[in-house]
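Chain by chain, the residues run as shown.
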Amino acid sequence: MFKKVLIANRGEIAMRILRCCQEMGIDTVVACSSEDRNSLPVQFSAESVCIGPAQAAGSYLNQEALIEAAKAYHCEAIHPGYGFLSENANFAKKCEDNGIIFIGPSSRMIREMGDKQSARAMMKKHGVPVVPGSDGILKSWQEAAEIAKKVGYPVLLKATAGGGGRGMRTAFDESEIQNAYESAEAEAQAAFGDGSLYLEKLIQHPHHIEVQILGDSKGGIIQLGERDCSMQRRNQKLMEESPARILTDKQRDAIHKAALKAARAVHYVSAGTVEFVLDREKHFYFIEMNTRIQVEHPVTEAVTGVDLIREQIRIAAGLPLGYKQSDIHLTGHAIECRINAENPAKNFAPSPGQIPFLHFPGGKGVRVESALYSGCRVSPYYDSMIAKVIVHAPGRLEAIRKMRVALEEMTVDGIETNINFLYLILFNNDFMVGNIDTGFLEKNTDAIIRWGEESRKAF
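For clarity, every value in this text was computed on a predicted model and none was experimentally measured. (Residues numbered from 1 in each chain as written. Predicted model: local features only at pLDDT ≥ 70, side-chain atom pairs only at ≥ 80, totals over all residues. Heavy atoms only, no water.)

A.B. asks: Can you break down the sheet that holds strand β14 (residues 333-340) residue by residue, with the values?
C.D. replies: Strand order in the open sheet formed by eight strands is β13-β12-β9-β10-β11-β14-β21-β19, with antiparallel pairing between adjacent strands. In this open sheet, the two strands that pair with only one neighbour each are β13 (284-290) and β19 (366-370). For this sheet the average axis-to-axis angle between neighbouring strands, irrespective of direction, equals 25°. Where strand β9 (residues 207-215) and strand β10 (residues 221-233) come together, six bridges link them in antiparallel fashion. Paired with Glu 210 across the two strands is Arg 227, which belongs to β10. (Pairing = 2+ DSSP bridges. Helix = DSSP H or I, 4+ residues; strand = E, 2+ residues; numbered from the N terminus. Axes fitted to C-alpha atoms, helices over the stretch in contact; angles between N-to-C directions.)

Below, the structure written as structure tokens:
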């Protein structure tokens, strides 16, 4: 096992990794920006190192600084968390070249799966269902138009190096295809340094279902059930749950087998996620494989009892999986809410600032992942997510009720958050019966905000 690990991330995921390393008897060094010198991970780690300025480009994305820090502090491995460099094949390769273990898949695997079109072609070859679309990288908008005619509008143009909703544009008819292509290409080039695009038929308002997988270097691969991540705003997940209520037992079994087939096709090693869309007829299609730990991994941990970060570290150290497929049983229902520092009433504008007082909920089946503390400051330089609240209960309705109580108790003073917005969603009739898809918030956000304003006036 590793003696010392460099944590190359910040916020709640840095704290999550830090705690796990401490439980495993692994020393840690937290890499931080100048903005995060007083952060909770820095305060609780035995060692920390400032790697650059507040801007992520000079710190958390500074590959050379991270490599040098790991070497200077004699770290055998680097855990990248999620976001930042977690799916950067070049960074993983630099770790490999410098004799540092990248806690995640190999650089080759990240590169293969990071190229969305190559991943799609590989899945198709191995019999995993994929959304109809182009068979390779598009050469021009005219080629995109020809393929769109064959698969039928609407279509989705996607960056091969994309993620987080960037480099994606929709065309609903032939008049929109050129602008959609050029816009997606420009955004992808700016965001990822690669403007390559491919095309898929747009599955309108699907359910977003993902399956958690673990694979070791000995050839062992298991799946740990699915998560429904359909509650999204502008392609960003807001709430996740496991298991997915929309699936029948037969569909669940089929999608689990497809995820295992996908993982085995690429000989996957580490923690990863195979993502699918489920259309209105409940046909599912592969969309991508995420080669990192996911933000929403705690819901899987809640229903399986498996510590995914621990397994990820063990796998990176060359150890076999601590579980067989027969050991994995989903128990109860888990829901996660992402708490963001933003103002829903002002088009979800970011709300950084000082937090004079903070209180997290607790009790049986309630878990909070965060790096906040009373007196800390939410920075304007990074993602607005400041905490995750996870609940686990015997059934879905009990989990919804438990989450309502948890959000009622949660107090974050000094800044605006989306806590009340999430709380109102939990009372929505469609959400209550599981009648949601990725278009739910697009259709209901204004009504939810109005309902909240009217309720406050009434009291």
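Having seen the structure, we can now continue with the description.
A.B. asks: Describe the packing of aromatic side chains, and please don't skip the residues or the numbers.
C.D. replies: Using the criterion set out here, one finds eight aromatic pairs in the structure. When the ring of Phe 276 is compared with that of Phe 284, the centres are 5.5 Å apart and the planes differ by 90°; the resulting orientation is edge-to-face. Note on accessibility: Phe 276 and Phe 284 belong to one class, buried. Three or more aromatic residues joined by ring pairs form one cluster here, namely Tyr 60, Phe 84, Tyr 381 and Tyr 382. Positioned above the aromatic ring of Phe 431, the side-chain terminus of Arg 396 is 4.8 Å from the ring centre. (Phe/Tyr/Trp six-rings, centres within 6.5 Å; stacked < 30°, edge-to-face > 60°. Buried < 20%, exposed > 50% of the residue type's maximum accessible area, 1.4 Å probe, protein only. Lys NZ or Arg CZ within 6 Å of the ring centre and 35° of its normal.)

A.B. asks: Pulling in residues and values, what's your account of the pattern of salt bridges?
C.D. replies: Enumeration over the complete set of coordinates arrives at 32 salt bridges. Residues Arg 338 and Glu 296 are paired through a salt bridge, measuring 2.9 Å at the closest nitrogen-oxygen approach. Here Arg 338, found in strand β14, pairs with Glu 296, found in the loop between β13 and α10 (297-304); they are 42 residues apart in sequence, far enough to count as distant. Taken individually, Arg 338 and Glu 296 each receive the classification buried, so the pair is uniform in this respect. Sharing partners across several salt bridges, the network here consists of Glu 210, Arg 227, Lys 237, Glu 240, Glu 275, Glu 296 and Arg 338. (Salt bridge = Lys/Arg side-chain N within 4 Å of Asp/Glu carboxyl O.)

A.B. asks: Let's hear about the sheet that holds strand β1 (residues 4-7): which residues, and what values?
C.D. replies: Spatial ordering of the open sheet is given by β3-β2-β1-β4-β5, a layout of five strands whose pairing is parallel. Single-partner strands in this sheet number two, and they are β3 (47-52) and β5 (101-102). For β1 and strand β2 (residues 27-33), the ladder comprises four bridges, and the chain directions are parallel. Looking at β2, one finds that Lys 4 is bridged to Asp 27.

A.B. asks: If you had to explain the environment of Met 123 to someone new, which residues and values would you point to?
C.D. replies: Within the secondary structure, Met 123 sits in helix α6 (residues 116-125). Residue classification places Met 123 among the buried residues on the basis of a relative accessible area of 0%. Distance from Met 123 to Lys 93, taken between C-alpha atoms, is 24 Å for residues 30 residues apart in sequence. Residues contacting Met 123, with those up to four places away along its chain left out, are Val 128, Val 130, Ala 262, Ala 265, Val 266 and Phe 286. (Contact = heavy atoms within 4.5 Å.)

A.B. asks: Outline the pairing of β13, supporting the account with residue identities and numerical values.
C.D. replies: The buried fraction of β13 amounts to seven of the seven residues, a majority that puts the element mostly inside the structure. Pairing between strand β12 (residues 270-278) and β13: six bridges, direction antiparallel. Pairing of Val 274 across the sheet is with Met 289, part of β13. Between β12 and the antiparallel strand that follows it, β13, lie five residues; Lys 282 among them carries a positive phi value of about 65°.

A.B. asks: How would you sum up helix α12 (residues 396-409)? Please name residues and give values.
C.D. replies: Taking 1.5 Å per residue as the helical rise, α12 with its 14 residues ought to reach 20 Å, and the 20 Å between its terminal C-alpha atoms agrees with that figure. On the buried face of α12, the contacting elements are β11 (236-242), β14, β19, β21 (385-393), α13 (419-425) and α14 (429-432). (Expected span 1.5 Å × (residues − 1).)

A.B. asks: Give me the lowdown on the side chain of Ser 45, citing residues and values where you can.
C.D. replies: With respect to the element layout, Ser 45 can be found in the loop between α2 (40-44) and β3. Side chain to side chain, Ser 45 and Thr 28 meet in a polar contact 2.9 Å long. Residues in contact with Ser 45, not counting those within four places in the same chain, are Leu 18, Thr 28, Val 29 and Val 30. (Polar contact = N/O pair within 3.5 Å; in protein donor to acceptor, adjacent residues only side chain to side chain.)

A.B. asks: Explain the side chain of Asp 279 residue by residue, including any values.
C.D. replies: Looking at where Asp 279 falls in the secondary structure, it is placed in the loop between β12 and β13. The side chain of Asp 279 sits in the buried core without any salt bridge; Arg 280 is the nearest counter-charge, 8.4 Å away. For Asp 279, the side chain forms a polar contact with the main-chain nitrogen of Glu 281, separated by 2.9 Å. Apart from residues lying up to four places away in sequence, Asp 279 is in contact with Ile 203 and Tyr 285. (Lys, Arg positive; Asp, Glu negative; His and termini not counted.)

A.B. asks: Provide a residue-level description of unusual backbone geometry, including the pertinent values.
C.D. replies: In the segment running from Tyr 153 into Pro 154, the intervening peptide bond is cis, with an omega of 0°. Relative to the elements of secondary structure, Pro 154 occurs in the loop between α7 (141-151) and β6 (155-163). Pro 243 follows Ser 242 through a cis peptide bond whose omega is 0°. With respect to the helices, strands and loops of the structure, Pro 243 is situated in the loop between β11 and α9 (249-265). Despite not being glycine, Asn 347 has its phi angle at roughly 55°, a positive value. Here Asn 347 is to be found in the loop between β15 (342-343) and β16 (349-350).

A.B. asks: Can you tell me about the nonpolar core, naming the residues and giving the values?
C.D. replies: Burial of nonpolar side chains together is a common tendency in soluble globular proteins. Residues Met 231, Met 239, Ile 339, Leu 407 and Ile 425 are the most contacted members of the largest nonpolar core, which totals 40 residues. The set of elements that each furnish at least two residues to this core consists of β11, β14, β21, α12, α13 and α15 (440-458). It is α13 that contributes the most residues to this core, six residues altogether. Excluding residues within four positions of it along the chain, Met 231 makes contact with Gln 236, Lys 237, Leu 238, Met 239, Ile 425, Phe 431, Ile 436, Phe 440 and Leu 441. (Core = buried A, V, L, I, M, F, W, Y, C linked by side-chain atoms within 4.5 Å.)

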